[in-house]
Amino acid sequence: MPLLFLRILFVIASTLIGYQSMQQSVIGAGVGFVVSLVIVILEVGMRNVSVRGLSSAVFGLIMGLIMAKLVGDAFALIPIPPDGLIISRIILTLIFCYLGLVIGLRGKDEFNIIIPYVRLRRQDQMEEVTVLDTSVIIDGRITDILKTKFLEGKIIIPKFVLKELQQIADSTDPIKRQRGRRGLEILNTIQKEPGINLVLHEEEVPEIREVDAKLVKLAQLLEAKIMTVDFNLNHVASLQGVKVLNINELANALKPVVFPGEQMTIKLLKEGKEYNQAVGYLDDGTMVVVEEARRLIGQEVRVAVTSVLQTPAGRMIFTKLGK
């Protein structure tokens, strides 16, 4: 609504200016109205133009103007008639501005010195940037990780990730809706936490449709890391040279180390997959499989570790009944 009001105000103001500038003529008012309407239509048509593409085009245009000025000054040293010099400057300006725009748009992904991707600080003073994906926000453990201050620097929430969270929160599926609302609540909690530099990034990356691909591209542009619990995103980002912080891998790395022969007390909760096995869990969720213990389900038993198996889903500890 504010944008619509601004457009209407612009058209009215342009109409009045046209009316006054042409000696209170109706024709002037009409010219002002038509010109302002054309400008508004162009502005609406440019809403899908990314800030990165626009900044790259402006940078290329500036470079073209500078080159045209330098080459034009060199031409001025040659004995050319004034009229010919003016025409030469106009032609050079057109050529170099066109080339600058084209080069700027083609190389927009490589322009790391363009706003908003300024990299003017020393390399050893560069701020760490981490981009959060939808899965890690909904997961919720990111809140406790940020509170511990283990993750430093700027935390980026892309606008398209926030949009995806809102779509999940508005889903007709009650489970998805609950997950989406949980994610929005977690973001609100992080935003209120003092000392956390949380930033909403406006870049949409409109030329890419998939959210995961957008995340990888944005991380490449910002020279950032991606924090996720999504295995597929982890794999794709790693293949494209983007550093990934996977909370599941962190959780597995922080689980206590056990060695064959070590003893522990575990409560048996259910049957195992193999014959006569029973299964219990440590406090951190690690599965403990006990051989020859099916009859003892529901009891706390003393067991000795026989082996440890690390899987993509987590760690499993195999044990036998202790003496």
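For the structure itself, consult the block above.
Residues numbered from 1 in each chain as written. Predicted model: local features only at pLDDT ≥ 70, side-chain atom pairs only at ≥ 80, totals over all residues. Heavy atoms only, no water.

Draft legend 1. Main features of helix α8 (residues 174-192). Helix length check: α8, at 19 residues, gives a terminal C-alpha distance of 27 Å against a target of 27 Å (1.5 Å per residue), a fit within 8%. Buried within α8 we find G180, G183, I186, L187 and I190. One face of α8 carries all of its buried residues, which in axial projection span an arc of 120°. Turned more than 90 degrees away from the buried face of α8, the exposed residues are Q178, E185 and K192. Summarising the contacts, the buried residues of α8 are in contact with α5 (134-139), α6 (141-147), β2 (154-158), α7 (159-169) and β3 (197-201). Structurally, the start of α8 carries an N-cap: the backbone nitrogen of I175 is 3.0 Å from a side-chain oxygen of D173. (Helix = DSSP H or I, 4+ residues; strand = E, 2+ residues; numbered from the N terminus. Expected span 1.5 Å × (residues − 1). Buried < 20%, exposed > 50% of the residue type's maximum accessible area, 1.4 Å probe, protein only. Arc of directions from axis to C-beta. Contact = heavy atoms within 4.5 Å. Polar contact = N/O pair within 3.5 Å; in protein donor to acceptor, adjacent residues only side chain to side chain.)

Draft legend 2. Region of interest: unusual backbone geometry. Although it is not a glycine, N276 adopts a positive phi angle of roughly 65°. Within the fold, N276 resides in the loop between β6 (263-271) and β7 (278-281). Taking relative accessible area as the criterion, N276 reaches 16% and is therefore assigned buried.

Draft legend 3. Structural context of the side chain of N246. Topologically, N246 is positioned in strand β5 (residues 244-246). Relative accessible area serves as the criterion here: at 9%, N246 is assigned to the buried category. Setting aside anything within four residues of it in sequence, one finds N246 in contact with T228, V229 and N234.

Note that all results are geometric; they support no functional claim without further evidence.
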